Amino acid sequence: MTKATNNSADKARQEGVTPPHSIEAAEIALTSQTSALPGSSSQKIPASSKPHTGVWVALAICLLLVLAVIFVLPNFIANKNQTIAPLPEQALTPTPPVQANTDQQDLIARRQAQDVLARVKEQQQLLENKTVRAWAASEYDAALAGLPQGDLDYRQRRYTAALVVYSSVETDLKALVAQIEPRLKQILSDAKTALELGNAERALELFQLALTIEADNIVVKKGLARAKVLPEVMTHVAEGEQQLQAGAAEAALTAFNKALALDGEHPLPRSGQERAQQHIDNARYQSAMSEGFKQLNTGRYQGAITAFKQALAVTPQSADARSGLAQAQARQTHKGIERLLAQAQASEAQENWLDAVNSYRLALGRDSTVSESRVGEIRARTRAELDQNLDTILADPLRLASNSIYRQTEQLLSDARGISNPGPRLSKQIDNLQQAFSAARIPVALTLQSDNATQVTLLKVGKFGAFQNKVIKLVPGRYVATGYRQGYRDVRIAFKVTSATEVDSLVVQVQCDESI
């Protein structure tokens, strides 16, 4: 026996307790002293008596309290918050439960398994709604393969094992849910490729699949509609290609336009339309260029300009069309200048100087570098000014009575005489002006008559007083005579004096005969 056992036996003998024949647990006193109840005497309690059993009960109760604090209290708090924390996805195998708390851990695992299974059912329904078996059948079946085992574990109350299985299924289903959008995009991409290649059957199949995944997708609905008319589109495309090969570009364009009316986004009819239009434009361009050079070579420059502009409308970047247009415009300009110069020269020959000036100025407007136009304009303008001045004097020779006008006319007459080879019009103007100029300084006899009572004054000439008759001589011009008489209204008489050859005798009567 050990030393502790010997000590215990000695202590028992000292207290009057007979030790047992077998090995017993050491006595444990509940307290250091035993308090005597009233009316009783204090005594020792042997290890095999009733107080020994109470120690074990107390120890069991303490152990249960400790386990309740560790396991029951967290579960109670979790239930109060109406949430049971799920197992982390990474922790597929829970920590082995303490043997003493197996029932409590099974309860937690059961609830967590139920929560995970509920989420699995939700994901399974979502994937079924997205027709998962149509685009990921094998992955979906593989993800669900573990469910029977999880259900078996659950029915047999292996909740931790069921939780592990359900969590694995949930992870796999989540991965499939995450693939819905990428798979839809890939299906739409493949469907678009099938459309562009003209594979109507494949395009229709893919768009219908996409529609089962996302029924409200506008892109999918539009693509499905395009796929349904694709066979008719391709029929028109084939017809357009045949017409284009046969050189019937207009007919080809019509066929491609019909295809585009059905599907305006399809690249094949769009490409065909562009090629057919290019054939048509090339033909129009060549025709316009041929017509332009034809017109140019025959001197019909305006027709050439029109044709080259038509060519540029079809092919704006054509250097040949621009060159042809420049040639036609240059030749037309030159021809126009020649025509205007001829008109100006004809006007000069007829001494229509203003018309000549206008023609020269029009020529300068087309090309200001032509010296013949500039020299001709100066010459015609000078003659036009001279012609206008001569006509002004000849229209009113009496203006020569003014000394300043007389001197200007004298210079004008000298300039006119200095022109070599004057035409008939200028020669006649010079002769008429010479006659008017000579007559302008020859006095003409004039008779003034009055009543011997009126005071007569001839403005710019002098006062003649009262008289009956008076003869005076005046050079041709315009004059004004006034009369004044006391008690009578004044009179004012304006008159003209012309050359002696035009007037034999001129009588002007000035008298005041209206009393006031």
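Residues numbered from 1 in each chain as written. Predicted model: local features only at pLDDT ≥ 70, side-chain atom pairs only at ≥ 80, totals over all residues. Heavy atoms only, no water.

**Quick look at the overall build of the chain**
Cut-off, in case you're wondering: Helical segments are the DSSP runs of H or I of at least four residues, strand segments are the runs of E of at least two, and each set is numbered from the N terminus. Residue burial is assigned from relative accessible area. The probe radius is 1.4 Å, only protein chains are included, and a residue is buried under 20% of its type maximum, exposed over 50%, and partly exposed in between. Contacts between residues were defined by any pair of non-hydrogen atoms, one from each residue, lying within 4.5 Å. Reported accessibility uses the Shrake-Rupley method at a 1.4 Å probe radius. Residues are deemed covered only where the shown protein chains occlude them.
Scanning the chain for helices and strands turns up 17 helices and seven strands. Each of the 516 residues in the chain was classed as buried or not, and the buried ones make up 33%. In the chain, once contacts between residues fewer than 6 apart in sequence are set aside, the share between residues at least 24 apart is 55%. Accessible surface, the chain: about 32000 Å² in total, of which carbon and sulfur atoms supply 54%.

**Some details on empty space enclosed by the protein**
For the record, the criterion: Any residue with an atom within 4 Å of a point lines the site, the site being either a cavity, points on a 1 Å grid over the protein atoms alone where a 1.4 Å probe fits but cannot get out, or a pocket, an open set with protein on both sides within 12 Å along at least 5 of 7 lines. Grid points are joined across faces, edges and corners, and a volume is the space filled by probe spheres set on the points. Note on residue classes: Ala, Val, Leu, Ile, Met, Phe, Trp, Tyr, Cys and Pro are nonpolar, Asp, Glu, Lys and Arg are charged, and everything else, Gly too, is polar.
Evaluation of the coordinates by the stated rule reveals one cavity of 30 Å³ or more. Considering only enclosed or pocket space, the largest cavity measures out at about 30 Å³ in volume. In terms of lining residues, the largest cavity is bounded by E351, W353, R383, L386, D387, L426 and Q429. Among the secondary structure elements, those contributing two or more residues to the lining of the largest cavity are helix 15 (371-395) and helix 17 (424-439). The element best represented in the lining of the largest cavity is helix 15, accounting for three residues. In terms of residue class, the lining of the largest cavity is made up of three nonpolar, one polar and three charged.

**Focus on the pattern of salt bridges**
Applied cut-off: Criterion for a salt bridge: a side-chain nitrogen of Lys or Arg within 4 Å of a carboxyl oxygen of Asp or Glu.
Going through the model one piece at a time under the given rule, you end up with 20 salt bridges. Across the salt bridge formed by R275 and E241, the nearest N and O atoms sit 2.4 Å from each other. Of this pair, R275 sits in helix 11 (residues 267-297) while E241 sits in helix 9 (residues 218-245); the two residues are 34 residues apart in sequence, bridging distant segments of the chain. A salt bridge links R361 to E377; the nearest nitrogen and oxygen atoms lie 3.1 Å apart. With R361 in helix 14 (residues 353-366) and E377 in helix 15, this residue pair connects regions lying 16 residues apart in the sequence. Owing to a relative accessible area of 44%, R361 belongs among the partly exposed residues under this scheme. With relative accessibility at 9%, the residue E377 sits in the buried group. Through salt bridges with shared partners, one network takes in K222, R226, D263 and E265.

**Some details on helix 9**
Formally: The span you would expect from a helix comes to 1.5 Å times its residue count less one.
Between its terminal C-alpha atoms helix 9 stretches 38 Å, which fits the 40 Å expected from 28 residues at 1.5 Å a residue. Within helix 9, burial applies to V220, G223, L224, R226, A227, L230, V233, H236, V237, G240 and L244. Among the structural elements, helix 7 (180-197), helix 8 (200-213), helix 10 (249-262) and helix 11 are those in contact with the buried residues of helix 9. In the stretch just after helix 9, G247 is the one whose phi turns positive, near 85°.

**Details of helix 16 (residues 403-417)**
Given a rise of 1.5 Å per residue, 15 residues ought to cover 21 Å, and the 21 Å separating the end C-alpha atoms of helix 16 matches this to within 8%. Where helix 16 is buried, its residues meet helix 15 and helix 17.

**Some points on the packing of helix 6 (residues 159-178) against helix 7**
This is how the line gets drawn: Axes here mean lines fitted to C-alpha atoms, for a helix over just the part in contact, with angles spanning 0 to 180 degrees between N-to-C directions.
Helix 7 packs onto helix 6 with a crossing angle of 40° between their chain directions and a minimal axis gap of 4 Å. Contact residues: L176, V177 and A178 in helix 6; I180, E181 and P182 in helix 7. Grouping the constituent residues of the contact of helix 6 with helix 7 by class yields five nonpolar, no polar and one charged.

**Let's talk about the environment of G336**
The residue G336 is located in helix 13 (residues 319-349) in this model. When the C-alpha positions of G336 and R366 are compared, they lie 8.2 Å apart, and in sequence the two are 30 residues distant.

**Quick notes on the sheet that holds strand 4 (residues 469-474)**
Just so we agree on the cut-off: DSSP calls a pair of strands paired once it identifies at least 2 bridges connecting them.
Within the open sheet, the three strands sit side by side as 4-1-7. Their pairing is mixed. At either end of the open sheet lies a strand with only one pairing partner, and these are strand 4 and strand 7 (507-509). With direction set aside, neighbouring strand axes in the sheet form an average angle of 30°. Relative to strand 7, strand 1 (residues 444-449) is paired through three bridges, and the arrangement is parallel. Opposite L448, over in strand 7, you have V508 as the bridge partner.

**As for the side chain of S318**
Test applied: Polar contact is the term for a pair of N or O atoms within 3.5 Å; when the atoms are in protein, one must be able to donate a hydrogen and the other to accept it, and sequence-neighboring residues count only if both atoms are side-chain atoms.
For S318, the position within the fold is in the loop between helix 12 (301-314) and helix 13. Judged by relative accessible area, which is 7%, S318 ranks as buried. Polar contacts involving the side chain of S318 include one to the side chain of Y285, which spans 2.4 Å.

**Quick notes on the nonpolar core**
Basically, it comes down to this: What we call a nonpolar core is a set of buried Ala, Val, Leu, Ile, Met, Phe, Trp, Tyr and Cys residues that are connected through their side-chain atoms within 4.5 Å.
If you look at the biggest cluster of nonpolar residues, it comprises 46 residues, and the most contacted ones within it are L127, W135, L173 and F207. Looking at this core, the elements with two or more residues in it are helix 3 (102-129), helix 4 (132-144), helix 6, helix 7, helix 8, helix 9, helix 10 and helix 11. If sequence neighbours within four positions are ignored, F207 has contacts with L188, A191, K192, L195, V220, G223, L224 and A227.

**Considerations on the packing of aromatic side chains**
Note the threshold: Ring geometry is summarised as follows: Phe, Tyr and Trp rings, the Trp one being its six-membered ring, pair when their centres sit within 6.5 Å, and such pairs are stacked at plane angles under 30 degrees, edge-to-face over 60 and tilted between the two. Note on geometry: a ring has a charge over it if NZ (lysine) or CZ (arginine) is within 6 Å of the ring centre and within 35 degrees of the ring normal.
One pass over the full model with this rule turns up four aromatic pairs. Taking 4.2 Å as the distance between ring centres and 15° as the angle between the ring planes, the aromatic pair formed by Y406 and F437 counts as stacked. Taken together, the positions of Y406 in helix 16 and F437 in helix 17 put the pair 31 residues apart, joining distant regions of the chain. The residues Y406 and F437 share a single accessibility class, namely buried. When the centroid spacing of 5.9 Å and the interplanar angle of 25° are considered together, the rings of Y479 and F495 count as stacked. With Y479 in strand 5 (residues 477-484) and F495 in strand 6 (residues 491-497), this residue pair connects regions lying 16 residues apart in the sequence. Residues Y479 and F495 agree in their burial class; the two are buried. Here the guanidinium or amino end of R485 rests over the ring plane of Y488, the centre of that ring lying 4.0 Å away.

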